[in-house]
Every structure is written in C-alpha cells, then in structure tokens.
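Residues per chain, in single letters:
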Amino acid sequence: MENNEELQKIIKSCKGNIFDILEVGGIGHTGGSLSILEILVALYYEIAKVNPKDPKWEDRDRIILSKAHACEAMYAVLGEKGFFPKEKFNEFLKFDSILQGHTEICTPGIEYSGGSLGQGISFACGLAYSAKLKKKTHKIFCIVGDGECHEGEVWEALMFAAHYKLDNLYLFIDYNHYCTLGDVDEIMNLKPLKEKLDSFGWNTIYEDNGNDIMKIINDVKKLDEIKGKPKCIIADTIKNKGVPTWEQEHLHHTAGEKLFEGIKEGREILENE
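Report follows, based on the coordinates. (Residues numbered from 1 in each chain as written. Predicted model: local features only at pLDDT ≥ 70, side-chain atom pairs only at ≥ 80, totals over all residues. Heavy atoms only, no water.)

1. Observations concerning the sheet that holds strand β8 (residues 231-236)
Part 1 of the reasoning: Strand order in this open sheet of five strands is β2-β3-β4-β8-β7, and the pairing throughout is parallel. Of all the strands in the sheet, the pair left with one neighbour each is β2 (62-65) and β7 (203-207). The mean inter-strand angle of the sheet, taken between neighbouring strand axes irrespective of direction, is 15°.
Part 2 of the reasoning: Both β7 and β8 contribute to a ladder of five bridges, which runs parallel. Following the sheet pairing, Y206 is matched in β8 by I234. (Pairing = 2+ DSSP bridges. Helix = DSSP H or I, 4+ residues; strand = E, 2+ residues; numbered from the N terminus. Axes fitted to C-alpha atoms, helices over the stretch in contact; angles between N-to-C directions.)

Following this line, the structure appears as structure tokens:
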C-alpha cells in the first residue's frame, strides 16, 4: 500500500507521461485524460489486483476504459506501472504501434478495444456476469464519461447489472461536465444522476472531489462492504486538470499551437509543485 505522498509522486510522474505522449502525437484527448488520472492511479496502484509481469493472469481484476479516447491517461499509468517500457510513448499514433488513438487489446494491460461510446459498460457487465457464473472472485472496474451517459446502451447495461446483482462490478462516471459538444447537462440533462442510478438498483456514491485520490480509494472501500448490488462512484472531476488554460476552455480534443502551449504550461506547473 502506498501512502498519499507516494501516490502524489506517482500522479505527478504519470501527468508528465501524458504530456510526453501528447507531444509525440501532436494531437490528443487532453480533457478526459487529465480528469481521470487520479482514478486510474488509484486503481492500478491501490485497488485492483494486477500484475504487470503477467498482464493476462487469470485471477486479475479487469479495468475497462469505456471512454477509450482517454487512452493517453491509460498509457501513462500502464507505462509507469511497468506493463511496457516508457520508451514506447515515442511510438504513440505510429503505424504498427501498440499505442493507438483509442485503447486496443494489443497493448499490454488493456482489456477492451474501445471507440464507440456506451459499449464498454456492456462489455464490463459481460465480464462481471461471466465471473459470477464461473464463481470467480475477481472484480471488474469500468470508467465511463458523463457525455457517454447520453447513450441508451449505458442505461440498458445499468439495468442488466442490477437485475443480475453484479456486486463484483464497480463503475466510475467521470463527471467532468463537458463533452466534445459542450456542457453535458445542457445537451441532455443527466441530473439527478445519483438518484437515477440508485433507482436502477445501484449503490452509488457521489464524490464531490473526484480528483482526490484518497477520497476515491476510501469510497471504493465503502462500496466493498455492499453485497448484492453493483456499485458506482460518480466522480466530480476537472476536465484538463493541471493545465489552467485548457481547463478554462473545457477542451476535449486538442492539437496544434494550443496543444504545445498547454503542454509547456502544464510542465511548468509540475516543476513548481
């Protein structure tokens, strides 16, 4: 178990990894990657059972990034954890690279090839149901975006998970409030989100600081005690956390001069922390 100080060092290093990956690609999904970084570090370093030396270990916990466009954060943490050499960051978006613009199972540690929003939670439900049938004890963790929750398939999956009492399934909703088209609640109001999930039969925690890694870890510990229900943490996060210019513009996908200026800004802030 890592203490908070050690975890903050890991987060800092992983954020630097994200900037390195974005710089190589010259384009990328900055907003959703920086909003979920603490959740991913919490999962890979404190919560989930994983083995970088044996990524396909049968009894591992499964981590599904349904919002697969936020792959920069996933790659940053997987590389830091040792699933593949960090030198691979230099191959981001290259032909035949294991690091493409959405997560794919060719990458060590990746469980799900994503791209079409809404499908990852259904995939996670299948894994959780299968584990129940096989009487396996591993857990399934799935991260979806708030904009992704506009997809009908998400709500079908929520019903499925509750109906089959998939208490081995943990859902994280990255509630950073903005998708590629704008404010998620102006586009299609999700509120009251917690009450909706509870009414579907989930046990739900609304975490008002979803970028606080210790709060995320403690929330999961609370949910571990719940039996017979799938579990959800609605993590209220900051899109583009750590790059104030990007934060103010709620950027989703960034390229060109704005990307490189933001990377410079973010690195300067990291150096002074």
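2. Details of the environment of A131
Part 1 of the reasoning: Looking at the secondary structure, you find A131 in helix α5 (residues 119-133).
Part 2 of the reasoning: In this structure A131 comes out as buried when scored by relative accessible area, which is 2%.
Part 3 of the reasoning: Remark: the alpha-carbon pair of A131 and G266, spanning 135 residues in sequence, is separated by 41 Å. (Buried < 20%, exposed > 50% of the residue type's maximum accessible area, 1.4 Å probe, protein only.)

3. Examining helix α6 (residues 152-163)
Part 1 of the reasoning: Over its 12 residues, α6 runs 17 Å from end to end, which matches the ideal 16 Å to within 8%, given 1.5 Å per residue.
Part 2 of the reasoning: Just downstream of α6, K165 is the residue with a positive phi angle, here 50°. (Expected span 1.5 Å × (residues − 1).)

4. With respect to empty space enclosed by the protein
Part 1 of the reasoning: Summed over the entire model, instances satisfying the criterion amount to two cavities of 30 Å³ or more.
Part 2 of the reasoning: Space inside the largest cavity adds up to approximately 70 Å³.
Part 3 of the reasoning: Along its surface, the largest cavity is lined by Y44, V50, N51, D54, P55, R60, D61, R62, I63, F83, G109 and E111.
Part 4 of the reasoning: Here the second largest cavity is characterised by a volume of approximately 30 Å³.
Part 5 of the reasoning: Surrounding the second largest cavity, I63, I64, L65, M74, T103, I110, E111 and Y112 form its lining. (1 Å grid on protein atoms, 1.4 Å probe; cavity = no way out; pocket = protein on both sides within 12 Å on 5 of 7 lines; lining within 4 Å. Points joined across faces, edges and corners; volume = space filled by probe spheres on them.)

5. Section: the packing of helix α1 (residues 4-25) against helix α9 (residues 213-224)
Part 1 of the reasoning: For the pair α1 and α9, interaxial distance at closest approach is 10 Å and the crossing angle is 115°. Judged on the interaxial angle alone, α9 and α1 are roughly perpendicular. Across the interface between the two elements, N4, L7, Q8 and I11 from α1 touch I213, M214 and I217 from α9.
Part 2 of the reasoning: Partitioning the contact of α1 with α9 into residue classes produces five nonpolar, two polar and no charged. (Parallel < 35°, antiparallel > 145°, perpendicular 65-115°, else oblique. Contact = heavy atoms within 4.5 Å. Nonpolar A, V, L, I, M, F, W, Y, C, P; charged D, E, K, R; others polar.)

6. Regarding unusual backbone geometry
One can expect most non-glycine residues to show negative phi and most peptide bonds to be in trans.
Part 1 of the reasoning: Omega for the peptide link from K191 to P192 comes to 0°, which places this bond in the cis form.
Part 2 of the reasoning: Along the polypeptide, P192 turns up in the loop between α7 (184-187) and α8 (193-199).
Part 3 of the reasoning: Positive phi, normally seen in glycine, also occurs at D96, with a value near 70°.
Part 4 of the reasoning: Relative to the helices and strands, D96 resides in the loop between α4 (71-81) and α5.
Part 5 of the reasoning: Since its relative accessible area comes to 82%, D96 is described here as exposed.
Part 6 of the reasoning: The backbone of H250 shows a phi angle near 55°, a positive value even though the residue is not glycine.
Part 7 of the reasoning: Position of H250 among the secondary structure elements: in the loop between α10 (244-249) and β9 (254-255).
Part 8 of the reasoning: We classify H250 as partly exposed; its relative accessible area is 30%.

7. Looking at the packing of aromatic side chains
Part 1 of the reasoning: What the rule picks out here adds up to nine aromatic pairs.
Part 2 of the reasoning: Ring geometry for Y129 and Y164: centres 4.7 Å apart, planes at 45°, overall tilted. Of the two residues, Y129 is situated in helix α5 and Y164 in the loop between α6 and β4 (169-175); the sequence distance between them amounts to 35 residues.
Part 3 of the reasoning: Ring geometry for F160 and Y164: centres 4.7 Å apart, planes at 45°, overall tilted.
Part 4 of the reasoning: Following the ring pairs from residue to residue traces out a cluster consisting of Y129, F160 and Y164.
Part 5 of the reasoning: Just above the ring of Y45 sits the side chain of K81; from NZ or CZ to the centre is 4.3 Å. (Phe/Tyr/Trp six-rings, centres within 6.5 Å; stacked < 30°, edge-to-face > 60°. Lys NZ or Arg CZ within 6 Å of the ring centre and 35° of its normal.)

8. Some remarks on the pattern of salt bridges
Part 1 of the reasoning: All chains considered together, the criterion is met by 13 salt bridges.
Part 2 of the reasoning: For the salt bridge of D20 with R267, the shortest nitrogen-to-oxygen distance reads 2.8 Å. Pair noted here: D20 is in helix α1 and R267 is in helix α11 (residues 256-272), with a separation of 247 residues, a long-range link.
Part 3 of the reasoning: The class for D20 is partly exposed, based on a relative accessible area of 32%. (Salt bridge = Lys/Arg side-chain N within 4 Å of Asp/Glu carboxyl O.)

These values are about where atoms sit, not about what they do.
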